[in-house]
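For reference, the chains in residue letters:
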Amino acid sequence: MGTAKTEVIHARIDSTLKARAEAIFETLGLNASDAIRLFYAQVTLANGLPFPVKIPNAETREAIQDAEAGNLKRYGSSQEMFDELGL
């Protein structure tokens, strides 16, 4: 029985994202190569991405931009937030 052929993947990724993801992989007992193999396997099984990918609407994009800019409304308590939302 012959050995399987393998390929090398090179990718640029934000260092913070890489560190955060690899910490999760470690918790799961995986390394980055294992996680990439798992992702590729799931893509082939799903015949597409193994999770929904959607384009955010204008309201969601605005909320994301506000959050990234630090423009978030703060509440003194969860009850205060619920009261303002009418919940």
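Per chain, residues are indexed from 1 in the order of the written sequence. The model is predicted, so local features are restricted to residues of pLDDT at least 70 and side-chain atom pairs to those at 80 or more, both for listing and for counting; the totals for chains, interfaces and linings are taken over all residues. Heavy atoms from the whole structure form the basis of all side-chain values; hydrogens and water molecules are not counted.

A. Representation of unusual backbone geometry within the structure. Even without being glycine, N47 reaches a positive phi, approximately 55°. Every helix listed is a DSSP run of H or I at least four residues long, and every strand listed is a run of E at least two residues long, numbered separately from the N terminus. With respect to the element layout, N47 can be found in the loop between α2 (32–46) and α3 (58–68). For every residue, the accessible area (1.4 Å probe, protein chains only) is compared with the maximum for its type, and the residue is labelled buried under 20%, exposed over 50%, or partly exposed between those bounds. Taking the relative accessible area as the measure of exposure, N47 reaches 72% and is therefore exposed.

B. How the structure looks around helix α1 (residues 15–27). In this model α1 runs 18 Å from its N-terminal to its C-terminal C-alpha over 13 residues, within 8% of the 18 Å that 1.5 Å per residue would give. Residues adjacent in sequence count toward polar contacts only when both atoms are side-chain atoms; beyond that, a polar contact is any pair of N or O atoms within 3.5 Å, and within protein one must be able to donate a hydrogen and the other to accept it. With a side-chain oxygen lying 3.0 Å from the backbone nitrogen of T16, the N-terminal cap of α1 falls on D14. Trailing α1 by a residue or two, G29 shows a phi angle of about 80°, which is positive. What a helix should span is 1.5 Å times the count of its residues minus one.

C. Structural view of a nonpolar patch on the surface. Patch rule: a residue counts if its relative accessible area is over 30% and it has no salt bridge; like charges are joined within 9 Å, and nonpolar side chains (Val, Leu, Ile, Met, Phe, Trp, Tyr) within 5 Å. Surface accessibility follows the Shrake-Rupley procedure with a 1.4 Å probe radius. Residue values consider only the protein chains on display as shielding. Criterion for a salt bridge: a side-chain nitrogen of Lys or Arg within 4 Å of a carboxyl oxygen of Asp or Glu. Taken together, I9, I36, F39, Y40, L49, F51 and V53 make up a surface patch of nonpolar side chains, about 680 Å² in accessible area. Topologically, L49 is positioned in the loop between α2 and α3.

D. Main features of the packing of aromatic side chains. Any two of the Phe, Tyr and Trp rings considered here, Trp counted by its six-membered ring, make a pair once their centres fall within 6.5 Å; the pair's planes then place it as stacked at under 30 degrees, edge-to-face at over 60, or tilted in between. Applying the stated criterion across every chain yields a total of 2 aromatic pairs. Where F39 meets Y40, the ring centres are 6.3 Å apart and the plane angle is 70°; that geometry is what we call edge-to-face. Residue class for F39 comes out partly exposed when judged on its relative accessible area of 34%. Accessibility expressed as a relative area gives 47% for Y40, which makes it partly exposed. The rings of F39, Y40 and F51 are connected pair by pair, giving a single aromatic cluster.

E. Focus on the pattern of salt bridges. Applying the stated criterion across every chain yields a total of 3 salt bridges. Here K18 and E22 are joined by a salt bridge, their closest N and O atoms 3.2 Å apart. Of this pair, K18 and E22 both sit in helix α1, 4 residues apart, which is roughly one turn of the helix. For R37, the salt bridge identified is with D34, shortest N-O distance 2.7 Å. Taken together, the residues R37 and D34, both in helix α2 and 3 residues apart, mark about one turn of the helix.

Nothing here speaks to function; it is geometry throughout.
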